[in-house]
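# Fold and geometry: a report
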Amino acid sequence: MPNFMPIQLETKMIRIHYIVLFIIKFALCLWRGIHTACVKNIEVWDKFKGGISVRLGNRDNINLWNDIWVGDQTLSSLYPRLYQIAMDKNASVRHNFNSAHFSYCLNWNRSLQVGDQELLDSLQVQLRDHSHRPEVIDAVCWERTDGFTPAVKGAAVYSFSQLCKLKLPPQINFFFWLLARGRISSKISSAHRGIITRENTGCSLCMVDETNLHIFMHCHYAWKVWSKFFSMCNISSTLPNSLIEFFMFRDSLSDWKHRVLWRTIWFYCIWDLWKARNRRGFNDEFLEANSVVFMSICKTLLPITTL
């Protein structure tokens, strides 16, 4: 038996190596999609930057002209004439602050004219009301409430904190991390990123817009899976309206002794619903709903390493 240990160890290391490569490759592809759809899109990027502000701390990491730290606009937007003649447009707030006189000393490309001096006086009055805290690091804040609400954040934290306690493969952990934040590639999500047209966002079975909730809860195929699962457990219920409610509903169905087992089956069921959806879309293969349920249970109860 000891003679086989090096081979087993090498096999395990190779498997870990390829899993890490898969996660890195997936993350790079995800970032390229974000960069193309958001950063390169000037309208989307400006809207995103408009929702970010910074809280003044030690002044080291705040750009004087281009960060929102005074009011709800950048100083370059409030004082475009002064910004145009500023010598260092990327200087930090600390770089321009004179602690001896407790004022801001700005350098210009030319001498100030009469109109420029009036704008500078107004700027100095506006900056005088913003005190710094040397012991605190500058903080970045998201000011807008649309697009990322506390409910979405709560769902992400709740689901992923539960997931980390279970012994699941890394690709499932990463998948649920994306799902909890609404970042998986449903057809609606792909249309928003410009990958497919809006006319092609229908579910392959229902022809209803394919959202995350539709794939795992509202599609009649998903309902068949959950109905079979519930009937095996002698449970009669309807599905909740959101993922966070579904997470909580799942925990309410079992006692604490079997909660880990119940959660693991549930996570595998979600994962197999996703794989069944991909097999229909990419390989034109249809998997029966009963098969999804039994595969999820088997993967939980048996030491299966291949997904």
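Residues numbered from 1 in each chain as written. Predicted model: local features only at pLDDT ≥ 70, side-chain atom pairs only at ≥ 80, totals over all residues. Heavy atoms only, no water.

### Looking at a nonpolar patch on the surface
Residues M13, I16, V20, I24 and L28 make up a contiguous nonpolar surface patch of roughly 440 Å² in combined accessible area. The topology assignment puts L28 in helix α1 (residues 5–39). (Patch = residues over 30% accessible without salt bridge, like charges linked within 9 Å, V, L, I, M, F, W, Y side chains within 5 Å. Areas by Shrake-Rupley, 256 points an atom, 1.4 Å probe, with all protein chains shown as cover. Salt bridge = Lys/Arg side-chain N within 4 Å of Asp/Glu carboxyl O. Helix = DSSP H or I, 4+ residues; strand = E, 2+ residues; numbered from the N terminus.)

### Description of the packing of aromatic side chains
Scanning all chains against the criterion turns up 15 aromatic pairs. Aromatic side chains F175 and F176 sit 5.4 Å apart centroid to centroid with 85° between the ring planes, which places their arrangement in the edge-to-face category. The class for F176 is buried, based on a relative accessible area of 3%. Taking 4.6 Å as the distance between ring centres and 85° as the angle between the ring planes, the aromatic pair formed by F176 and F267 counts as edge-to-face. With F176 in helix α7 (residues 170–180) and F267 in helix α12 (residues 259–283), this residue pair connects regions lying 91 residues apart in the sequence. Judged by its relative accessible area of 1%, F267 falls in the buried class. Through a chain of ring-to-ring contacts, the aromatic side chains of F175, F176, F216, W226, F229, F230, W262, W266, F267, W271 and W274 assemble into a single cluster. Over the ring of Y83 we find K89; its NZ or CZ atom is 5.5 Å from the centre of that ring. Between R280 and the ring centre of Y221, over which it is positioned, the NZ or CZ distance is 4.7 Å. (Phe/Tyr/Trp six-rings, centres within 6.5 Å; stacked < 30°, edge-to-face > 60°. Buried < 20%, exposed > 50% of the residue type's maximum accessible area, 1.4 Å probe, protein only. Lys NZ or Arg CZ within 6 Å of the ring centre and 35° of its normal.)

### Re the nonpolar core
Counting 40 residues, the largest nonpolar core has F175, F216, Y221 and W226 as the members making the most contacts within it. Of all the elements in the fold, those that place two or more residues in this core are α7, α9 (212–218), α10 (220–232), α11 (243–251), α12 and α13 (289–301). For this core, the element with the highest residue contribution is α12, accounting for eleven residues. For Y221, the residues in contact, after removing those within four places along its chain, are L205, L273, A276, R280, F286, L287, E288, A289 and V292. The next biggest cluster of nonpolar side chains, apart from the first, holds 20 residues, and it includes I62, W65, L75 and I85. (Core = buried A, V, L, I, M, F, W, Y, C linked by side-chain atoms within 4.5 Å. Contact = heavy atoms within 4.5 Å.)

### Details of unusual backbone geometry
Phi is positive for M207, close to 65°, though the residue is something other than glycine. In this structure, M207 sits in the loop between α8 (187–192) and α9.

### A look at the confidence of the model for the protein chain
With 76% of its residues at a pLDDT of 70 or more, the protein chain shows a mean pLDDT of 76. Least confident of the elements in the protein chain is helix α6 (residues 150–163), whose mean pLDDT is 46; most confident is α9, at 89. (pLDDT = per-residue confidence, 0-100.)

### Regarding the environment of I297
Counting through the fold element by element, I297 comes out in helix α13. For I297, a relative accessible area of 18% puts it in the buried group. The spatial distance from the C-alpha of I297 to the C-alpha of W262 is 9.6 Å, given a sequence separation of 35 residues. The residues touching I297, leaving out its near neighbours within four places in the chain, are M232 and I265.

### Comments concerning the side chain of N63
The residue N63 is located in the loop between β1 (52–55) and α3 (75–78) in this model. A polar contact of 3.5 Å, which involves the side chain of N63, links it to the backbone oxygen of N90. Filtering out sequence-adjacent residues up to four positions away, N63 remains in contact with W69, K89, N90, A91, S92 and V93. (Polar contact = N/O pair within 3.5 Å; in protein donor to acceptor, adjacent residues only side chain to side chain.)

### Describing the packing of α12 against α13
Packing of α12 against α13 leaves a shortest axis separation of 8 Å and a crossing angle of 135°. One finds that α12 runs oblique with respect to α13. Pair α12 / α13 crosses with right-handed handedness. In this structure, α12 contributes L261, T264, I265, Y268, C269, D272, L273 and A276 to the contact, and α13 contributes V292, M295, S296, I297, K299, T300 and L301. Its residues assigned to classes, the contact of α12 with α13 shows ten nonpolar, three polar and two charged. (Axes fitted to C-alpha atoms, helices over the stretch in contact; angles between N-to-C directions. Parallel < 35°, antiparallel > 145°, perpendicular 65-115°, else oblique. Left-handed = near helix turned anticlockwise from the far one by under 90°. Nonpolar A, V, L, I, M, F, W, Y, C, P; charged D, E, K, R; others polar.)

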